[in-house]
Amino acid sequence: MGGTSTWVLEGTNDDRQDFKVVGTWNHPGRQSWDMVSGAAKYPTDLYKEGTLVAMALRCPYGHAKVKSLDISEAEKLPGVKLILTYEDEELASMPINVPSYYELGRSPLLGDEGEFEGDECGAVVVGVSEEVCRKALDLIKVKWEVLPFVLDCREAGKPGAPILRPEMNPDSNMTGNTFGAPVKWEIGNVEKGFKEADYIEVIEYGRPMWNQFRPMPPAYFSYWDNDPWGNPDGEKMCYVTNHAHFPSNGPIISASMGMGVHEDKVRALTPYMAARYCDFVEKRGAQLAPVLSRRLGGVPVRCVSTRRQAFDANVPQTFFTVRIGFKKDGTLVAVQSKNVHQTGARGGYGDKTHGHLVLPANAQGFKSTSCPNIYSEMEYYVTNGACTTADPGKDAWEPVNLAFAKIADTLKMDISEVIMKNVKITKPSLESCMEAGKKAFHWDSKWHLPGTKRLEDGRFHGVACRSCWSMTWGMISYNINLRMNTDGKIYMPYSEALIGTYWPDAVQLVIAEEMGMKLEDVIVYYAANYPNWQKGDAADRGSTCTWAAKEAAVQLKKQILETGASLFGVTADEVDLVDSMITLKADPSKQMSLVGIGQLAVGYCGKPKVPFQNDVIRTMNVDFCEVAVDPETGMVEILDYCSAHDFGKLIRPSSGLGQLEMALTMASGRALREEIIWDPNTGVLLNGNMYDYKVPTSLDQPTIETVPVETRCGGGAYGSTGVAHAHCDAGLVGLAIQNAIGKFIPMAPYTPDKILGAMGTIS
Amino acid sequence: MNGKVSRRDFLKAGGAGLAGVALSTLGIGTILGSETTAGDAQAAPGQELMYVCPVCGEKAEDFDGLRKHFKEKHPELESPKNMVLRINGADVGVYVEDHWTLRETLLRAVGLTGNAKEMCDRGGCGSCTVLIDGKPALACTTLAVECRGREIETSEGIAADPAYRPLVEAYVKYDASQCGYCTPGQFTVAKYILNKYPDPTEDQIRTELSGNICRCGTYSRHVQAIQEAAAAMKGGKS
Ligand code: FES
Ligand code: FES
């Protein structure tokens, strides 16, 4: 509450004030031309002569085990090239390695158990076409043992619930927790806190499983061929495409770990993979395609999934019940939180290619408030509802903002005041965002007490705001290689497939800025496998990557100036780089081109001092939302969405603001429509297609106003910070609805039935 | 006609520059995309036409070879079809099966993948939108055999058309693609919008694009880009 963040910019020139290209518009992305024209090739587009298709058998039940398989008829079908079953020795041994941070064990790559409807299990078929594969799959005679299933994590936690993964935990459906996070923790003394409170209230927040809906259904294309750079042991090189890369170079990591080969045997195929929105799930195809191709002598094999099958990985359910105690002035003094979380069919994020990672939302967000007494309890249960992915939003802040709204509602206060009163560190970031956002949104003229304003057309009007972290992910070292070539241009290779954040293009701006180069003389280019290490692949990490690029640029500039100075016969202090020319400071008309002066190179590997995760994040953001609620139909219209985001320093405005538009558009879909629905009787997914699972269209996209704030408090270059992660949450719309109708709705999405139910129109 | 049309013919008819010729068979050679090269997208097939038996995968030299193979190896099955499709102003001879969609045909037989993107597989996303006789059509729900004698336009052809250069310029200027998967479909509809409305309003653009899903939420960028292109093209008629 009112605290100030003291952050010292670190590294060279981080406090730069004079910007020529950083922060400017109209710089088309390096790969934009190809993405627009269609020349860009995605894993679904690659087609080499003789390409075969692979499809896996999918479990038709909510949970079932293969009792027996007869593939004899399928093998006879013309065009079928290979059928492997779960009994195949090589498949049964995979994955050979999983990343160490997946602590909860692993499952076979292709087992005999279908852990949810649509789960790949039992067999995989390779044929000349999708039609042939489908026919072959139909010809496989399977005897299934149908097993009990549970779809709701709250049910999975009840005594007597069927134990779904006895090998992981024979006693209950609760799984372990990644990074050994404690299941229960307490700060201060919660009992004492509640005694001091003037008010005690309970809030509830729930969200169903929902789908990130990555635009390209998983497709993995792989083949084996001679290593063009020579290979001493004569082995072929494995070529693969990417779909979800976390860590970076996902295809290389997945394929090499799955097969237990060294990474130098695997080469990435394309810089395009379509989007990923913090999705850890690399599908089985990443490991199946290389193995199937190798078994067939290296011919290209594409593992395909249909759109419906792509619903086999979803963001998990999570449910909070939180008791809050607060004073008459709105100060939070006690929090008692219970979070029941779904860990999906595998017992965590990630498919069987990787293992299991469990990161429940928990009460972490409350640690950023000044509340002295917090108790958190978590339970996370395996269910049969698909495997789970990470949440692209910041779900730890959902109960925090709901608590603020409850305080505001109880005390008839403005929620923006409650936020400022309770968040621990408000200066400079939160304060700046709140001020800029309120002004842009016209908060003071729009806010009113809950349920007190109707629009002319009779609809209820509501507004709300909520705060959150703007995170910089700095847990990874960034490897930046820069070289000046004989053509006088600066080159930076990168090796990760793009996901839409334009981080290489932001890096290009930073390098040009630091070196004094014209933008067109800085060339960032895709080079598969070149530095087999992290750059800025994940959305929020791009900003940390710019920091390392800055350091590399400074070093290379120094080398260039030393070389140029000796050619001029002066000292390095007497020259500078101006618009790609070595320029004599004393007489700027004397310039020398970089062309032909030699080849110079630097490598910088390192990271700023940004922690992976902290209780207090220096950079914040505040989103504002205005809704109209139709009391007759329960329909909600988002009239205005405004986001004041502390970018620290906005390096490439077009893509930085684009990230906000992306996340808020997705959040609007989550808030109003998106939800995975299964048949409770059979466990079968009911809305696994684009008609029944509705992502926002151009007509659904709300008006989005982006308000960039720059406090220079982040960990990236010039104090920049991450973007999209902070905004993709549904809760804000729920708070605006509460302001409209005066009722809290405990479960997203906020569909008409729930609105009408809350209003008492329907039961 | 045996279906063989030389690559030179394609390039002539499609008006594409030479940038596409040197592509590897995987078509990822243009990844060093730049204003001067990649904007001249291939309007013509990016790979040699393939005559691969869809039943057993055996490769034939040409269409006649494929028919012969069918007669010998799969006498019980119907012989494959060869047809001429008019794509981006060029006549393209392709081997096609009756049940192949235009999307499949673009991917498997033609090698133009801009509008072969499949997001939904059932007419719900628009990522496979081509123009057929100037109107948006979903390639995933249009059979290739229905397209005989009709004018098919793909994103590659539009990008290679100098008249639509301002549209390409505006798209890249406004980052109208994030991950880019839906973009060729949106861009193809953009040409239709520019032809339909000389001065398109935001509402008109959003309505026309409402069948094209973008999970990356780039919609407002398309509005900006199309309006700017319309102004630059003074009505946008090609
Ligand atoms: S793939 Fe054709 S409309 Fe979705
Ligand atoms: S740019 Fe990613 S789906 Fe549209």
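Enquirer: Is there a simple way to think about the overall build of chain A in this case?
Expert: Helix and strand counts for chain A stand at 17 helices and 30 strands. Here the C-alpha radius of gyration of chain A, 27 Å, is about what a compact globule of 763 residues would show, namely 27 Å. Along the three orthogonal principal directions, the C-alpha set of chain A runs to about 85 × 75 × 50 Å. Considering chain A as a whole, with its 763 residues, one finds that 67% of them fall into the buried category. Here the contacts in chain A between residues at least 6 apart in sequence split such that 80% fall between residues at least 24 apart. About 25200 Å² of surface is accessible on chain A, with carbon and sulfur atoms providing 51% of the total. Chain A carries 75 positive and 93 negative side-chain charges, and their two centres are separated by 1 Å.

Enquirer: What exactly am I supposed to notice about the interface of chain B and chain A here?
Expert: When the parts of a complex come together, some accessible area is lost, and that lost area is often used as the size of the interface. On the chain A side, the residues contacting the 67 residues of chain B number 72 residues. Taken together, both faces of the contact between chain B and chain A bury some 5900 Å²; the carbon and sulfur share is 56%. Between chain B and chain A we count 5 salt bridges in total. Two residues, E661 of chain A and R221 of chain B, come together in a salt bridge whose shortest N-O distance is 3.0 Å. Inspection of the chain B/chain A interface yields 32 residue pairs in polar contact (both at pLDDT 80 or more). When residues of the side of chain B that touches chain A are traced back to their parent elements, those giving at least two are helix 3 (102-110), helix 4 (155-160), helix 5 (165-173), helix 6 (183-196), helix 7 (202-208) and helix 8 (219-233) of chain B. For the side of chain B that touches chain A, the element with the highest residue contribution is helix 5 of chain B, accounting for 6 residues. Of the residues assigned to the side of chain B that touches chain A, the class counts are 28 nonpolar, 23 polar and 16 charged.

Enquirer: Mind showing me how you'd approach the pairing of strand 20 (residues 460-469) of chain A here?
Expert: Side chains on a regular strand alternate between the two faces of the sheet. Residue and element names in this part refer to chain A. Of all 10 residues that make up strand 20, 10 are buried, and the element is covered over most of its length. The side-chain alternation of strand 20 yields two buried faces, one formed by F460, G462, A464, R466 and C468 and the other by H461, V463, C465, S467 and W469. Two strands pair when backbone bridges link them, and strand 20 and strand 28 (residues 620-629) are joined in this way by 10 bridges, in the antiparallel orientation. Residue pairing across strands places A464 opposite C625, the latter belonging to strand 28.

Enquirer: In this structure, what is going on with the side chain of R221 of chain B? I would like to understand it.
Expert: Mapped onto the secondary structure, R221 of chain B falls in helix 8. There is a polar contact of 3.1 Å between the side chain of R221 of chain B and the backbone oxygen of Y174 of chain B. Residue contacts for R221 of chain B: discarding those within four places in its chain leaves S654, L657, G658 and E661 of chain A together with Y174, D175 and A176 of chain B.

Enquirer: How should unusual backbone geometry be read in this particular structure?
Expert: Both trends apply: most residues other than glycine have a negative phi, and most peptide bonds are in trans. Residues and elements named next belong to chain A. With an omega of -5 degrees, the peptide bond between M94 and P95 qualifies as cis. Assignment of secondary structure puts P95 in the loop between helix 3 (89-93) and strand 5 (113-114). In this structure, the amide linkage connecting K427 to the following residue, P428, adopts the cis form with an omega of -5 degrees. Relative to the helices and strands, P428 is located in the loop between strand 19 (425-427) and helix 11 (429-441). Backbone geometry places H442, a non-glycine residue, at a positive phi of 60 degrees. Mapped onto the elements of the fold, H442 is located in the loop between helix 11 and helix 12 (443-446). Within the chain, R712 stands out as a residue other than glycine whose phi angle is a positive 60 degrees.

Enquirer: Looking at this structure, how should I read the sheet that holds strand 28 of chain A?
Expert: Two orientations exist for strands paired in a sheet by backbone hydrogen bonds: parallel and antiparallel. All names here are of chain A. Overall, mixed pairing links the 4 strands, which are arranged 20-28-29-30 in an open sheet. Looking at strand neighbours, the two that pair on one side only are strand 20 and strand 30 (704-709), the edges of this open sheet. Neighbour-to-neighbour, the strand axes of the sheet open up by a mean angle of 15 degrees, direction not taken into account. Pairing of strand 29 (residues 636-646) with strand 30, which is carried by 6 bridges, proceeds in the parallel orientation. Looking at strand 30, one finds that D646 is bridged to V709.

Enquirer: How do you make sense of the packing of aromatic side chains when you look at a structure like this?
Expert: Each aromatic ring pair is characterised by the separation of its centres together with the angle its planes make. All names here are of chain A. Applying the stated rule across the entire model yields 20 aromatic pairs over all chains. Taking 6.3 Å as the distance between ring centres and 70 degrees as the angle between the ring planes, the aromatic pair formed by Y61 and W144 counts as edge-to-face. Of this pair, Y61 sits in the loop between strand 2 (52-58) and strand 3 (64-70) while W144 sits in strand 7 (residues 141-146), and the two are 83 residues apart along the sequence. Ring geometry for Y223 versus Y239: centroids 4.9 Å apart, planes at 15 degrees, classification stacked. One end of the pair, Y223, is in strand 10 (residues 219-225); the other, Y239, is in strand 11 (residues 237-240), and 16 residues separate them in sequence. We note R307 situated over the ring of F213; from NZ or CZ to the ring centre the distance is 3.8 Å. Taking the ring centre of W185 as reference, the NZ or CZ of K367 above it sits at 4.3 Å.

Enquirer: Would you explain the sheet that holds strand 25 (residues 581-584) of chain A in this entry?
Expert: All names here are of chain A. Pairing within the open sheet is antiparallel, and its 3 strands lie in the order 24-25-26. The outermost strands of the open sheet, each flanked by one partner alone, are strand 24 (575-578) and strand 26 (591-593). Across the sheet, the mean angle from the axis of one strand to that of its neighbour is 30 degrees, orientation sign disregarded. Bridge analysis of strand 24 against strand 25 gives 4 bridges, and the strand direction is antiparallel.

Enquirer: I would appreciate a short explanation of the environment of N739 of chain A in the present structure.
Expert: Residue and element names in this part refer to chain A. Mapped onto the elements of the fold, N739 is located in helix 16 (residues 731-741). Residues contacting N739, with those up to four places away along its chain left out, are W447, H448, L449, P450, G451, H461, G462 and V463. Here the side chain of N739 touches H448 through a polar contact of 2.8 Å, landing on its backbone oxygen.

Enquirer: What is the right way to look at the packing of helix 6 of chain B against helix 8 of chain B in this model?
Expert: Any two packed helices are characterised by how steeply their axes cross, that is the angle between the axes, and by the distance between the axes. Residues and elements named next belong to chain B. Relative orientation of the contacting elements helix 6 and helix 8 amounts to 40 degrees, with a least axis distance of 10 Å. It follows from the interaxial angle that helix 6 and helix 8 lie oblique. Relative to helix 8, the crossing made by helix 6 is right-handed. Counted together, Q186, A190, I193 and L194 of helix 6 and Y219, H222, I226, A229, A230 and M233 of helix 8 form the full contact between these two elements.

Enquirer: Can you help me understand the domain arrangement of chain A in this one?
Expert: All names here are of chain A. Here chain A is described as being made up of domain 1 (3-36 + 475-606) and domain 2 (393-472 + 611-763). Residue-level contacts link 35 residues of domain 1 with 32 residues of domain 2. Carbon and sulfur atoms make up 59% of the area that domain 1 and domain 2 hide from each other, which totals about 2500 Å². In this assembly, domain 1 and domain 2 are joined by 0 salt bridges.

About the criteria used
In this numbering scheme, every chain counts its residues from 1 along its sequence in written order. The lettering of chains begins at A and the numbering of ligands begins at 1, in the order of writing. Per-residue local features are limited, in this predicted model, to residues with pLDDT of at least 70; the limit for side-chain atom pairs, both in listing and counting, is 80 or more; totals at the level of whole chains, interfaces and linings are taken over all residues. Here the side-chain values reflect all heavy atoms present in the structure, with hydrogen atoms and water set aside. Helix and strand assignments follow DSSP, with helices taken as H or I runs no shorter than four residues and strands as E runs no shorter than two, numbered in order from the N terminus. Only C-alpha atoms enter the radius of gyration; for comparison, a globular chain is expected to reach 2.2 Å times N to the power 0.38, where N is the number of residues. Here the term buried applies to any residue with accessible area under 20% of the maximum for its type, exposed to any over 50%, and partly exposed to those in between, with areas from a 1.4 Å probe on protein chains only. Between two residues, a contact is recorded if the distance between any of their heavy atoms is within 4.5 Å. Residue-level accessible areas treat just the shown protein chains as cover; the underlying method is Shrake-Rupley with a 1.4 Å probe. Charge convention: Lys and Arg are scored as positive, Asp and Glu as negative, and His as well as the terminal groups of each chain are ignored. Here the site of a charge means NZ on Lys, CZ on Arg, CG on Asp, or CD on Glu. Values labelled buried area give the accessible surface lost by two parts on being combined, using a 1.4 Å probe and summing over both. Salt bridges are defined as contacts in which a side-chain nitrogen from Lys or Arg sits within 4 Å of a carboxyl oxygen from Asp or Glu. The definition of a polar contact used here is a pair of N or O atoms within 3.5 Å, where within protein one atom must be able to donate a hydrogen and the other to accept one, and adjacent residues in sequence count solely through side-chain atom pairs. Polar here means any residue other than Ala, Val, Leu, Ile, Met, Phe, Trp, Tyr, Cys and Pro, which are nonpolar, and Asp, Glu, Lys and Arg, which are charged; Gly is therefore polar. A pair of strands is treated as paired once DSSP finds two or more bridges between them. Here the axes come from fitting lines to C-alpha atoms, over the contacting stretch only for helices, and the angles between their N-to-C directions go from 0 to 180 degrees. Here is the rule: rings of Phe, Tyr and Trp (six-membered ring for Trp) pair when centre to centre is within 6.5 Å. Planes less than 30 degrees apart are stacked, more than 60 are edge-to-face, and the remainder are tilted. Distance and angle both matter: a charge sits over a ring if NZ of Lys or CZ of Arg is within 6 Å of the ring centre and within 35 degrees of the ring normal. Roughly parallel covers angles under 35 degrees, roughly antiparallel covers those over 145, roughly perpendicular covers 65 to 115, and oblique covers all other angles. Note on convention: near helix rotated counterclockwise from far helix by under a right angle means a left-handed crossing. Clockwise means right-handed. Throughout the structure description, domain borders are defined by an automatic or database domain assignment.

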